[in-house]
Amino acid sequence: MKFRTELINFADGMTLDSGDRLEKFELMIETYGELNESGSNAILLCHAFSGNHHAAGKNNDSEIGWWDEIVGPNKAIDTDKYYVVCCNNLGGCGGSSGPTTINPSSEKPYGKNFPQISVKDWVNSQKMLMDKIGVPYWHLVAGGSLGGMQALEWAISYPNDIKKAGIFAAASNSSTQNIALNEVARESIRKDQNFHDGDYLEHNVIPKSGLKTARMLGHITYLSEELMDSRFGRRFQDEDSKVDQEVDFEVENYLQYKGEKFSESFDANSYILMTKAMDGYVAGQDIGLRDAMKNVKSQLLIVGFYSDWLYPPERGKEIQMAAMDNNINSSYIVLEGAHGHDSFLFSSEEYSKVISKFIES
Amino acid sequence: MAIKLSKIINNWVPDDSKVIDFGCGDGSLLKELMDTKKVLGYGVEINDTKIQKCIAKGVPVIKQDIDLGINEFESSNFDLSIMARSIQCLKNPANALKGMLKLSKRCVVTLPNLGYWRCRLNILSGEMPVTPELPSSWYETENIHLCTIKDFEKLCIDENIKIKDKVFLNKKGDQSKFVSIKPNLLAVEGVYLLEK
């Protein structure tokens with residue numbers, strides 16, 4: 001599949017939700033397919049907490065995109081028909097401006113001083129991106145988890161710039177339990193002796209072990225109990241493929257491996273920033289979800305998964321109820337989803353069909 | 001079926017009204033009402049294949065088991081709720097009826113008539129009815145609360161539900177004057193407009 005990766009520069013910067021200003025910033029984007037003449041076939045994908053702009057296909061490092069099961073030629077989001085855009089979120093560590101970027105005023109990496117970004121800021125920056133790359137409106141904005149929050153916020157903030165929103169495995173705000181779990185992850189990073197109060201880059205170290213523990217915990221929350229049972233059971237890891245001699249069970253080996261890999265590539269300050277953005281998001285901050293959705297004009301497709309205990313399907317239903325109160329053309333579907341919270345990433349016959357039919361309807 | 005039924009219901013549905021259809025199937029009834037009456041319609045359905053058909057038609061749909069809740073839709077201010085050929089499948093039809101009339105002032109209910117003469121013949125011969133309208137055997141049918149026209153109207157009286165209008169259908173699914181002479185014996189299906 002043909003794709004283009006591009007760094008888009010916003011020299012005028014933007015004023016953030018918090019009132020802070022980013023004097024300038026860059027967004028790393030990846031695009032698939034072609035924008036048609038009337039500009040009616042553009043789709044924006046919003047990534048979840050640890051995702052990036054690489055949504056589909058194999059990139060030059062042979063990495064497969066985070067939504068490759070759903071996005072591609074002849075897939076649910078068909079890149080033969082649609083011009084699909086995905087950007088690395090501001091504050092992330094996939095190439096867009098974030099804590100590892102050089103701060104123009106200090107000429108050192110921002111580190112912990114990168115301003116706190118909100119879900120709304122992401123959506124505002126994506127709107128600036130839309131204007132910059134000449135997309136007149138999005139036929140669809142879609143994402144799962146934190147990406148679903150962005151899709152919802154798009155529908156609320158820019159009702160005239162979006163025809164459809166796909167909100168998958170998401171909620172209009174994070175639950176108490178979501179915040180609690182994120183705080184344990186952040187604590188493990190902060191208490192890593194290499195964290196240096198967020199200034200680890202200046203010390204030429206990274207809080208690897210904290211990041212690793214955070215990711216291991218995260219992984220448990222993304223999977224369902226049933227999936228862990230069926231995938232690992234109580235099987236012992238064979239001696240030859242142990243990542244560590246301390247490991248007994250396969251599930252331990254898996255978490256160790258995943259955590260280790262993540263800790264080599266993800267930035268700790270980004271981790272804290274992204275989870276804070278997730279925890280802080282409340283659709284319709286001051287006025288409540290129902291009133292916030294008053295001006296929504298787009299069609300909504302809300303999908304939840306029975307096996308998802310992190311953002312359980314009832315959370316999606318809250319959005320559906322608010323949509324119905326506002327006479328919005330909105331559908332709410334619950335699917336089995338074998339992968340717990342991560343189910344939104346994987347194709348199933350029902351999931352793919354529902355998405356493609358929603359796009360085409 | 002959807003088109004015939006929508007013709008009857010059309011007279012009962014004001015333009016631009018907000019409608020919820022419990023057990024909406026593939027969404028064709030709602031689609032018809034959306035096209036002809038510009039209604040804002042929501043379907044409630046449990047079957048994934050039927051849900052996909054709703055989505056393909058652009059009919060908003062909610063995946064839900066009707067037995068588990070109707071009340072939660074109360075805040076949406078519906079003008080009309082519909083339950084076509086589904087009430088006999090519910091665990092508690094009386095509660096469902098009351099629930100529908102809480103969330104909308106009016107509701108449309110259609111039900112297969114167990115008093116239809118063919119059903120009576122089946123029972124007279126000592127067997128549970130199996131007819132084109134009720135094709136499943138007793139051990140595999142979803143129809144756990146079948147009733148006659150007479151039974152249903154008695155329930156409405158007991159529950160203080162007003163029957164604003166009613167139409168009786170013959171085996172072709174058409175409105176029929178002949179059938180209306182003795183609906184409990186001759187009608188295959190009853191279509192009711194109910195009000196609190």
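Keep in mind it's a predicted model, so treat the numbers as computed, not measured. (Residues numbered from 1 in each chain as written. Chains lettered and ligands numbered in written order. Predicted model: local features only at pLDDT ≥ 70, side-chain atom pairs only at ≥ 80, totals over all residues.)

Engineer: Tell me about the overall build of chain A, residues and numbers included.
Structural biologist: Scanning chain A from terminus to terminus reveals 10 helices and 14 strands. Here chain A has a C-alpha radius of gyration of 20 Å; the compact-globule value for 361 residues is 21 Å, and the two agree. Expressed along its principal axes, the backbone C-alpha trace of chain A runs to roughly 60 × 50 × 45 Å. Burial status across chain A gives 51% buried among its 361 residues. (Helix = DSSP H or I, 4+ residues; strand = E, 2+ residues; numbered from the N terminus. Rg over C-alpha atoms; globule rule 2.2 N^0.38 Å. Buried ≥ 20, exposed ≤ 12 C-beta atoms within 10 Å, placed from the backbone.)

Engineer: Could you give an account of unusual backbone geometry, naming the residues involved and the relevant values?
Structural biologist: Look at Asn204 of chain A: it is not a glycine, yet its phi comes out positive at around 55°. With respect to the secondary-structure elements, Asn204 of chain A resides in the loop between helix H3 (176-190) and helix H4 (208-222). Accessibility expressed as a C-beta count within 10 Å gives 7 for Asn204 of chain A, which makes it exposed. Phi at Lys38 of chain B is positive, roughly 50°, even though this residue is not glycine.

Engineer: Break down the packing of helix H1 (residues 119-132) of chain A against helix H2 (residues 146-157) of chain A for me, citing the residues and quoting the values.
Structural biologist: Residue and element names in this part refer to chain A. In the contact formed by H1 and H2, the axes pass within 9 Å of each other and the chain directions differ by 65°. Of the possible angle classes, the one that applies to H1 and H2 is roughly perpendicular. The chirality of how H1 crosses H2 is right-handed. Every residue of H2 that contacts H1 at Val119, Lys120, Trp122 and Val123 is listed here: Met149, Gln150, Glu153, Trp154 and Ser157. Grouping the amino acids of the contact of H1 with H2 by side-chain chemistry returns five nonpolar, two polar and two charged. (Axes fitted to C-alpha atoms, helices over the stretch in contact; angles between N-to-C directions. Parallel < 35°, antiparallel > 145°, perpendicular 65-115°, else oblique. Left-handed = near helix turned anticlockwise from the far one by under 90°. Contact = placed C-beta atoms within 7 Å. Nonpolar A, V, L, I, M, F, W, Y, C, P; charged D, E, K, R; others polar.)

Engineer: Go over the interface of chain B and chain A with me, naming the residues and quoting the values.
Structural biologist: Listed by partner, the interface residues are 16 residues for chain B and 17 residues for chain A. When residues of the side of chain B that touches chain A are assigned to their parent elements, the largest contribution, six residues, is made by helix H3 (residues 48-57) of chain B. Residues of the side of chain B that touches chain A, tallied by class, amount to eight nonpolar, four polar and four charged.

Engineer: Could you give me a rundown of the environment of Cys87 of chain A, with the residues and numbers involved?
Structural biologist: All names here are of chain A. Mapped onto the fold, Cys87 is located in strand E8 (residues 83-87). Since 28 C-beta atoms lie within 10 Å of it, Cys87 is described here as buried. Linking Cys87 and Ala55, residues 32 residues apart in sequence, is a C-alpha distance of 8.9 Å. Apart from residues lying up to four places away in sequence, Cys87 is in contact with Leu27, Met28, Ile29, His53, Ser96, Gln126 and Leu129.

Engineer: I'd like a description of the environment of Ile70 of chain B, backed by residues and values.
Structural biologist: The topology assignment puts Ile70 of chain B in the loop between strand E3 (61-63) and strand E4 (78-84). Each C-alpha atom of the pair Ile70 of chain B and Ala96 of chain B lies 7.0 Å from the other, and the pair is 26 residues apart in sequence.

Engineer: How would you sum up the pairing of strand E5 (residues 104-112) of chain B? Please name residues and give values.
Structural biologist: Residues and elements named next belong to chain B. In terms of residue burial, E5 counts as a mostly covered element, since eight of its nine residues are buried. Here E4 pairs with E5 via six bridges, running parallel. Bridging from a neighbouring strand, Ala84 pairs with Thr110 of E5. A crossover connection joins E4 to the parallel E5 through helix H4 (residues 93-103); in handedness this β-α-β unit is right-handed. Where E5 meets strand E7 (residues 189-195), seven bridges bridge the pair, whose relative direction is antiparallel. In the strand pairing of E7, Thr110 is matched with Val191. (Pairing = 2+ DSSP bridges. Right-handed = clockwise from strand over helix to strand, strands pointing away.)

Engineer: So what's going on with the environment of Leu146 of chain B? Residues and values would help.
Structural biologist: Residues and elements named next belong to chain B. One can find Leu146 in the loop between helix H5 (117-124) and helix H6 (149-158). Judged by C-beta crowding, with 18 C-beta atoms within 10 Å, Leu146 ranks as partly exposed. The sequence separation of Leu146 and Leu90 amounts to 56 residues, and the corresponding C-alpha distance is 9.9 Å. With sequence-adjacent residues up to four places away left out, Leu146 is seen in contact with Gln88, Pro112 and Leu114.

Engineer: Residue-level account of helix H10 (residues 349-360) of chain A, with values.
Structural biologist: Under the 1.5 Å per step criterion, the end-to-end length of H10 of chain A is 16 Å for 12 residues, consistent within 8% with the ideal 16 Å. Its buried side turned inward, H10 of chain A meets strand E7 (77-78), strand E11 (138-144), strand E12 (162-168), strand E13 (299-305) and strand E14 (330-335) of chain A together with H3 of chain B. (Expected span 1.5 Å × (residues − 1).)

Engineer: So, the domain arrangement of chain A: which residues are in play, and what are the values?
Structural biologist: Residues and elements named next belong to chain A. Taken domain by domain, chain A comprises domain 1 (3-173 + 281-360) and domain 2 (178-276). Taking the mean C-alpha position of each, domain 1 and domain 2 sit 25 Å from one another. Every contact between the two is made by 22 residues of domain 1 and, on the other side, 18 residues of domain 2. In terms of residue class, the side of domain 1 that touches domain 2 is built from nine nonpolar, 11 polar and two charged. (Domains from an automatic or database assignment.)

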